[in-house]
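Chain and residue survey
Chain by chain, the residues:
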Amino acid sequence: MTKFLCAAIALSLILPAAALAAESKIFPFDYRIEEIDNGLKVVSIPLDNPHIIAFYTIVRAGSRNEVEPGKSGFAHFFEHMMFKGTKDVPKEAYDEFLTRLGAGTNGYTTDDYTCYFVVFAGRENLEEVVRIEADRFLNLYYDEEMLKTEAPVIEGEYYASASNPDRRLFELLRDTAFEKHSYKHTTLGYLRDILDMPNQYEYSRLFKQRFYAPDNTILLVAGDFDHARLMALVREHYGAWEPSGYSLQTPVEPPQTKAKRAHYPWPSKTLPRMAMAYRGPAYTTESIDKAALDLLAEIAFSSSSPLYQRLVIEEQKCVSLGASFADRRDPYLLVLSSVLRNDEDLPYVEKAILDELERIKTEPVDEKKLADVKSNLKYSFARVLGTTDGIAGSLAHSINLAADPGTVNALYGLYEKVTPADIQEAARKYFVPAASTTVTLTGGGQ
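Below or above, wherever it landed, is the structure these notes cover. As the structure is a prediction and not an experimental result, all values here were calculated from the model.

Regarding its fold elements, the protein chain presents 17 helices and 11 strands. The C-alpha atoms of the protein chain give a radius of gyration of 23 Å, which matches the 22 Å a tight globule of 446 residues would have. Dimensions of the protein chain, computed from the C-alpha atoms along their principal axes, are close to 60 × 55 × 35 Å. Burial status across the protein chain gives 57% buried among its 446 residues. Within the protein chain, counting contacts between residues at least 6 apart in sequence, those at least 24 apart form 84% of the total.

Dropping the structure here:
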């Protein structure tokens, strides 16, 4: 949800792309990582860009943390509650402060974390932003009636999502592919759990106590500020925040031993869709597997790939074709998806994708194509580092995964080392029929 127009972002300076590209490390900026006594970690990236500061709060709680039956969707629900204000700074005063500041602010929830950010101009405003953000996390106030008022908003979001065939297909894919892990449900959660949220006031307090704590949170601050001054403000305003000490135990997903299939008959007319998923690894820079799979996705299923050119451009069997090998803290899915033009082509497109995966297992990818894809990945990331908020926004996901911006350099270092043989080995290891889940959706109730 966008709560304010991002006037501050528009003021961000453009960094010289050529200078960035010339750096040996893909993330070229100096940074510091400090932890205060209660376990709150601060990733600080002072920049030469004048005036602009991006202040991100990363709570390492997403739908992955919803491990108890009947509590799916709670991380996203709690993101909404975090905008209710405190007794000292009620919602209206918080909104008025950000408006006066001309700040861009928002929040979003993912599988692994929930992120809140404020992007504003003027280093003289840093103290007030730190004070008000700390107050929000330490002293959030809402009562049972306020929770009940917010619950129908989440219900509305679910129905809006459920009216989208792509989201319904993805919901079916996760529910079919996973047996025990909390990645089984999406960040919105199951409808039956959403409908019960008005009755979950006590659980909402428990959720906050467990996860909205300094030892489960990272502040990511980038822009025009002095590091020592930032840390003094963090210690002053966040120092009284009590750590949780809670240790999350996510359910271990059992090995998949046979292929799975599921179908969703969409009630009205729509284009047919297919998603094929294989079990993938968790994010790590200790192994080359994930880097090899990322490059495989680009080489075999991007818009420049031979398969895309054949199915989408030449034969026009598909409207779209792509791969999503997302980084997650626990083992996740390698997803290949397509929107087709005709229902009867579903078997044809599925066979074409399977044939391509088998080809990659036996034929090494072209060396020049591999080099081009590596270069494209590197320059694409460098481009998003052109603004203060671009730097912080692009890092938030990596900070959640590894709590250190250096993980970006480690990952891109792995990309440089990937060989055609690594890609073949990864394909053989992960694209195993018994570890596959295929879901389809066709319109007209078919």
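Looking now at helix α6 (residues 144-162). Here α6 is 19 residues long and its end C-alpha atoms lie 27 Å apart, about the 27 Å a rise of 1.5 Å per residue gives. Those residues of α6 that are buried lie in contact with α3 (74-81), α7 (165-177), α8 (191-195) and α9 (201-211). Structurally, the start of α6 carries an N-cap: the backbone nitrogen of E145 is 3.2 Å from a side-chain oxygen of D143.

The subject of this paragraph is the pairing of strand β3 (residues 52-59). In terms of residue burial, β3 counts as a mostly covered element, since eight of its eight residues are buried. Along β3, one buried face is formed by I52, A54, Y56 and I58 and the opposite face, lined by I53, F55, T57 and V59, is buried too. Relative to strand β5 (residues 114-121), β3 runs antiparallel, the two sharing eight bridges. Among the inter-strand pairings, A54 is bridged to a residue of β5, identified as V119. For β3 and strand β6 (residues 217-223), the ladder comprises seven bridges, and the chain directions are antiparallel. Looking at the pairing, T57 lines up with L219 of β6.

Moving on, we come to the packing of helix α4 (residues 91-101) against helix α5 (residues 126-139). At a minimum axis separation of 12 Å, α4 and α5 run at an interaxial angle of 155°. By the angle class used here, α4 and α5 are roughly antiparallel. Here α4 and α5 pass one another in a crossing that is left-handed. Side by side, α4 and α5 meet where Y94, F97 and L101 of the first sit next to E128, V129, I132, E133 and R136 of the second.

Here Q209 shows up in helix α9. Here Q209 falls in the exposed class, since its relative accessible area comes to 57%. Residues Q209 and Y430, 221 residues apart in the sequence, show an inter-C-alpha distance of 38 Å.

Parameters and conventions
Residues numbered from 1 in each chain as written. Predicted model: local features only at pLDDT ≥ 70, side-chain atom pairs only at ≥ 80, totals over all residues. Heavy atoms only, no water. Helix = DSSP H or I, 4+ residues; strand = E, 2+ residues; numbered from the N terminus. Rg over C-alpha atoms; globule rule 2.2 N^0.38 Å. Buried < 20%, exposed > 50% of the residue type's maximum accessible area, 1.4 Å probe, protein only. Contact = heavy atoms within 4.5 Å. Expected span 1.5 Å × (residues − 1). Polar contact = N/O pair within 3.5 Å; in protein donor to acceptor, adjacent residues only side chain to side chain. Pairing = 2+ DSSP bridges. Axes fitted to C-alpha atoms, helices over the stretch in contact; angles between N-to-C directions. Parallel < 35°, antiparallel > 145°, perpendicular 65-115°, else oblique. Left-handed = near helix turned anticlockwise from the far one by under 90°.

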